[in-house]
Amino acid sequence: MEVKRRTARNLVAKLSSVSDHTRTQALCELRLISKHDPDSRPLIANAGAVRYLSRTLYGSSPTTQENAAATLLNLSITSRASLMSSSDFLDALSHALSNSPSPAAVQSCAATLHSLLIAEESYRPIVGSKHDILFSLLSIIAANNAPPRSINEALKALFGIALYPLNRASLVSLGAVRALVTLILRDEWSGIVEDATAVLAQIAGCEESEEAIRKAGGIRVLGDLLDEGTGASERIRENAVAAMLNLARYGGEKGRKEVREMGAKVIKGITDSTKNGSAKGKAKAADLLKIVVDGDENTNKVRDFSFNNSLDSMNRSV
């Protein structure tokens with residue numbers, strides 16, 4: 001272990017070298033070590049790497065940004081406190097999300113946020129207070145030319161942010177609902193639509209969401225996803241159910257009325273969801289059906305709706 005500690009210190013020291021070649025070589029080695037040797041991750045973080053890696057995200061070289069962002073992602077798996085305690089870490093991520101010329105760097109930065117937010121609840125209000133990060137992530141999913149993987153990683157980060165209830169109104173105010181509805185309508189990749197509907201389901205869990213969803217045409221879109229003719233996957237249908245259920249619970253009388261009216265049009269799809277899919281999906285569909293058929297609004301508040309197996313990506317090293 002002492003050899004690993006000494007190696008980590010030496011490589012981190014090289015990150016402050018005046019030589020571009022030396023810094024680049026050290027970054028490449030740190031990325032590989034942090035990927036293949038989990039025991040070295042805390043040693044790298046304790047050697048002060050986070051500060052240098054964060055500064056590298058402000059650089060102009062796509063290669064160095066990519067290596068720095070990938071190393072931070074690897075460190076986020078086991079050394080989260082070291083990242084979050086670094087004063088310029090979140091600002092550096094925000095800068096890279098908006099300005100990096102490397103799609104791979106952008107993807108690693110978004111994945112780092114997801115890794116932190118899924119693992120540690122206390123980080124969610126901190127990240128949610130950084131509106132520049134929220135805006136950067138929303139800009140990615142709204143961009144017509146963004147790579148599918150960049151959109152996927154941004155959606156997963158947004159999901160982690162939306163797990164904290166007080167962050168949902170902030171996302172609504174920044175235009176998240178329209179961006180998500182537009183993405184659902186335009187994208188043909190089922191994985192992206194699944195993740196986009198999961199984020200929308202979370203954001204629907206605040207009273208500010210009703211007006212935004214109505215103005216964006218979100219109620220109709222959710223209803224279409226529950227229509228068997230659209231061929232939506234079971235996960236997409238479960239997410240649509242969760243979104244409508246949250247809207248009915250948190251969107252006031254207007255939200256409940258809109259859900260009942262739309263639900264009556266796709267009642268067969270909701271009924272089918274009570275029989276198929278996951279146990280959580282069946283339970284939510286049953287609750288939604290009570291609201292649509294009986295007007296029952298007294299069942300328990302909806303719980304956070306997760307990405308199911310997509311959360312496994314939080315442990316990916318790059």
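Before any of the text, the structure's been laid out above.
What you are looking at is a predicted structure, and each value in this text was computed from that prediction instead of being measured. (Residues numbered from 1 in each chain as written. Predicted model: local features only at pLDDT ≥ 70, side-chain atom pairs only at ≥ 80, totals over all residues. Heavy atoms only, no water.)

A. Broad picture of the pattern of salt bridges. In this structure the tally under the stated criterion is 19 salt bridges. The salt bridge involving Arg 5 is made with Glu 2; its shortest N-O contact spans 3.0 Å. Separated by 3 residues within a single helix, Arg 5 and Glu 2 lie in helix α1 (residues 2–14), roughly one turn from each other. Residue Arg 5 is classed as partly exposed on the basis of its relative accessible area, which comes to 32%. (Salt bridge = Lys/Arg side-chain N within 4 Å of Asp/Glu carboxyl O. Helix = DSSP H or I, 4+ residues; strand = E, 2+ residues; numbered from the N terminus. Buried < 20%, exposed > 50% of the residue type's maximum accessible area, 1.4 Å probe, protein only.)

B. Highlighting helix α16 (residues 218–226). The buried count for α16 comes to 7 of 9 residues, which makes it a mostly enclosed element. Turning to α16, its buried residues number three or more, namely Gly 218, Ile 219, Val 221, Leu 222, Gly 223, Leu 225 and Leu 226. Structurally, α16 contributes buried residues whose contacts are with α13 (176–186), α14 (190–203), α15 (209–215), α17 (234–250), α18 (252–265) and α19 (267–273). (Contact = heavy atoms within 4.5 Å.)

C. Structural detail: the packing of aromatic side chains. Evaluated as defined, the whole model comprises 0 aromatic pairs. A cation over a ring is seen here: Arg 51 above Tyr 52, with NZ or CZ 4.9 Å from the ring centre. (Phe/Tyr/Trp six-rings, centres within 6.5 Å; stacked < 30°, edge-to-face > 60°. Lys NZ or Arg CZ within 6 Å of the ring centre and 35° of its normal.)

D. Spotlight on the nonpolar core. Counting residues in each nonpolar core, the largest one holds 97 residues, and the members touching the most others are Leu 113, Leu 137 and Ile 141. Looking at this core element by element, the count peaks at 9 residues for α17. The residues touching Leu 113, leaving out its near neighbours within four places in the chain, are Leu 90, Leu 93, Leu 97, Val 127, Ile 133, Leu 137 and Ala 157. (Core = buried A, V, L, I, M, F, W, Y, C linked by side-chain atoms within 4.5 Å.)

E. Structural detail: the packing of helix α7 (residues 89–99) against helix α8 (residues 103–119). Packing of α7 against α8 leaves a shortest axis separation of 8 Å and a crossing angle of 140°. The pairing of α7 with α8 is recorded here as oblique in orientation. The crossing of α7 and α8 is left-handed. For the pair formed by α7 and α8, the contact residues are Phe 89, Leu 90, Leu 93, Ala 96 and Leu 97 on the first element and Val 106, Cys 109, Ala 110, Thr 112, Leu 113 and Leu 116 on the second. In terms of residue class, the contact of α7 with α8 is built from 10 nonpolar, 1 polar and no charged. (Axes fitted to C-alpha atoms, helices over the stretch in contact; angles between N-to-C directions. Parallel < 35°, antiparallel > 145°, perpendicular 65-115°, else oblique. Left-handed = near helix turned anticlockwise from the far one by under 90°. Nonpolar A, V, L, I, M, F, W, Y, C, P; charged D, E, K, R; others polar.)

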